[in-house]
Amino acid sequence: RSRYSIEKDGTVYMMSETGVVPGVKESDIIEKGRLGPGQMINVDLISGEFKDNIKIKSEIASRHPYGEWIANQRKDVGSLEFPEERIYDDATATFAQASFGWGLEDIGMQIQDMAGSGKETTYSMGDDAPISVLSEKPHTIYNYFKQRFAQVTNPPIDPLREGVVMSLAMTIGKKESIYKVSEQGARLIHLESPVLNEAEMKRIADFAEPENGGFKQSTVSTRYDIADGPSGIKKAIDAICDKAVEDVKSGAEVLILSDMAADQSELDSTTYIPPMVAIGAVHHRLIETGLRMDVGIVVETGSAWSTHHFACLVGYGANAVHPYLALETVKQWHGQQRTQKM
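A brief look at the structure comes next.

**As for the sheet that holds strand E11 (residues 254-258)**
And then number 1: Across the sheet, which stays open at both edges, the 4 strands sit in the order E9-E11-E13-E14 with parallel pairing between neighbours. In this open sheet, the two strands that pair with only one neighbour each are strand E9 (217-221) and strand E14 (320-322). Strand-to-strand, the axes of this sheet are offset by a mean angle of 25 degrees, without reference to chain direction.
And then number 2: With 5 bridges connecting them, E11 and strand E13 (residues 296-300) associate as parallel partners. Within E13, the residue paired with Leu 255 across the bridge is Ile 297.
And then number 3: Lying on the sheet, helix H6 (residues 232-249) is in contact with E9 and E11; it crosses E9 at an angle near 170 degrees.
And then number 4: On the sheet, helix H8 (residues 275-288) packs against E11 and E13 and is oriented at approximately 165 degrees with respect to E13.

And the structure:
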């Protein structure tokens, strides 16, 4: 809502609302306006030149052939239909759901609402459930994290109504320093959304081919043997961090942290590092070794099925999330007789 006014003598006023600055005469104003979403103005204090939004952005955009660089170097992953083939049978899918902490409400409310109507479940404003740290029942690790505050914006900030200034798009790959501008900096994989399905994961894998970009990729399993006991998780975390550093040093530009089990046998004999712990540990190990900007990290997990889960994973370092079990649960739900009769 910011407004600006320019007087005949070159004085520029910037204010939140008209009338905030006293003594400004309407007859002295030669130009005035407001800043819309994503807009800016600039006053050069040395030359005294005033630049509006279009002039600023035109100058920056004309410094280099950015469009040409992106067309030549960037690979795009748009929204793709996920395949109908199942990765597990019903019994194995149900076992996997239980092992990842799913409850019946998660399937009956969240999955059913999102798959059936394409929108999130509407909850009541009040929540009288005990906070996780005081609860006597086990919780997924996401439940121990809460949004610190809620900010109301007018108009609502989302990629649908405010697409000019907000986007869900993410990039993965080796990022160039912001202080160095070259065509190589455009060599990235551009994702329309941080939430990926199987077809989009396959598209990313295709970019590993030399003729299709040559984005070297590596998958690190976050599963470990149940036989290792409770202390096994510390050893497993160290192992995936060491493997991540080794792979990135070897040139990996896309790192996939995956807790996917191949079959029921692997589900029976192994467990997994909670994805928030895994991504947080790997993210910070790569920062410590100066390698984080050399790689994009995708979390492939059965332990993510709500927007809060995705937000936590992205907040802890993930560039994208492949919620394979959530998508598998959609297929399982869709195949049920009562769903077909709805």
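**Focus: the environment of Ala 227**
And then number 1: For Ala 227, the position within the fold is in the loop between strand E10 (223-225) and H6.
And then number 2: Ala 227 sits in the exposed class, given a relative accessible area of 78%.
And then number 3: Once the C-alpha coordinates of Ala 227 and Ile 256 are considered, the two residues, 29 residues apart in sequence, prove to be 25 Å apart.

**With respect to the sheet that holds strand E3 (residues 29-34)**
And then number 1: The antiparallel open sheet is built from 3 strands, whose spatial order is E2-E1-E3. Only two strands of the sheet have a single partner each, and these edge strands are strand E2 (12-15) and E3. Recorded for the sheet is a direction-independent mean angle of 15 degrees between the axes of neighbouring strands.
And then number 2: By the bridge criterion, 4 bridges tie strand E1 (residues 3-7) to E2 in an arrangement that is antiparallel.

**Some words on the packing of H6 against H8**
And then number 1: Between H6 and H8, the least distance of the axes is 9 Å, while the angle of their chain directions is 45 degrees. Put simply, H6 runs oblique to H8. Helix-helix and strand crossings are classified by hand; for H6 and H8 the assignment is right-handed. From H6, Ile 237, Asp 238, Ile 240, Cys 241, Asp 242, Ala 244, Val 245 and Val 248 reach across to H8, where they touch Val 277, Ala 278, Ala 281, Val 282, Arg 285 and Leu 286.
And then number 2: Across the contact of H6 with H8, the residue classes tally to 11 nonpolar, no polar and 3 charged.

**Regarding a nonpolar patch on the surface**
And then number 1: Residues Ile 131, Val 133, Leu 134 and Tyr 144 make up a contiguous nonpolar surface patch of about 440 Å² in total accessible area.
And then number 2: Among the structural elements, Leu 134 can be located in the loop between helix H4 (104-117) and strand E7 (170-172).
And then number 3: With a relative accessible area of 64%, Leu 134 lands in the exposed category.

**Quick notes on the packing of aromatic side chains**
And then number 1: The final tally for this structure, using the stated rule, is 5 aromatic pairs.
And then number 2: A ring pair is formed by Phe 100 and Tyr 272, whose centres lie 4.5 Å apart and whose planes are at 40 degrees; its orientation type is tilted. Here the residue Phe 100 occupies a position in the loop between helix H3 (90-99) and H4, and Tyr 272 occupies one in strand E12 (residues 270-272), the gap between them amounting to 172 residues. The residues Phe 100 and Tyr 272 share a single accessibility class, namely buried.
And then number 3: Geometrically, the ring pair formed by Trp 102 and Trp 305 is tilted, given 4.5 Å between the ring centres and 35 degrees between the ring planes. Note that Trp 102 is positioned in the loop between H3 and H4 and Trp 305 in the loop between E13 and helix H9 (307-315), a separation of 203 residues in sequence.

**Things to note about the packing of H4 against helix H10 (residues 324-335)**
And then number 1: Two numbers describe how H4 lies on H10: the axes approach to 10 Å, and their chain directions differ by 85 degrees. What the angle tells us is that H4 and H10 run roughly perpendicular. The segment H4 lies against H10, with Ile 107, Ile 111, Gln 112, Ala 115 and Gly 116 engaging Ala 326, Thr 329, Val 330 and Trp 333.
And then number 2: Among the residues forming the contact of H4 with H10, the class breakdown is 6 nonpolar, 3 polar and no charged.

Cut-off values and rules
Residues numbered from 1 in each chain as written. Predicted model: local features only at pLDDT ≥ 70, side-chain atom pairs only at ≥ 80, totals over all residues. Heavy atoms only, no water. Pairing = 2+ DSSP bridges. Helix = DSSP H or I, 4+ residues; strand = E, 2+ residues; numbered from the N terminus. Axes fitted to C-alpha atoms, helices over the stretch in contact; angles between N-to-C directions. Contact = heavy atoms within 4.5 Å. Buried < 20%, exposed > 50% of the residue type's maximum accessible area, 1.4 Å probe, protein only. Parallel < 35°, antiparallel > 145°, perpendicular 65-115°, else oblique. Left-handed = near helix turned anticlockwise from the far one by under 90°. Nonpolar A, V, L, I, M, F, W, Y, C, P; charged D, E, K, R; others polar. Patch = residues over 30% accessible without salt bridge, like charges linked within 9 Å, V, L, I, M, F, W, Y side chains within 5 Å. Areas by Shrake-Rupley, 256 points an atom, 1.4 Å probe, with all protein chains shown as cover. Salt bridge = Lys/Arg side-chain N within 4 Å of Asp/Glu carboxyl O. Phe/Tyr/Trp six-rings, centres within 6.5 Å; stacked < 30°, edge-to-face > 60°.

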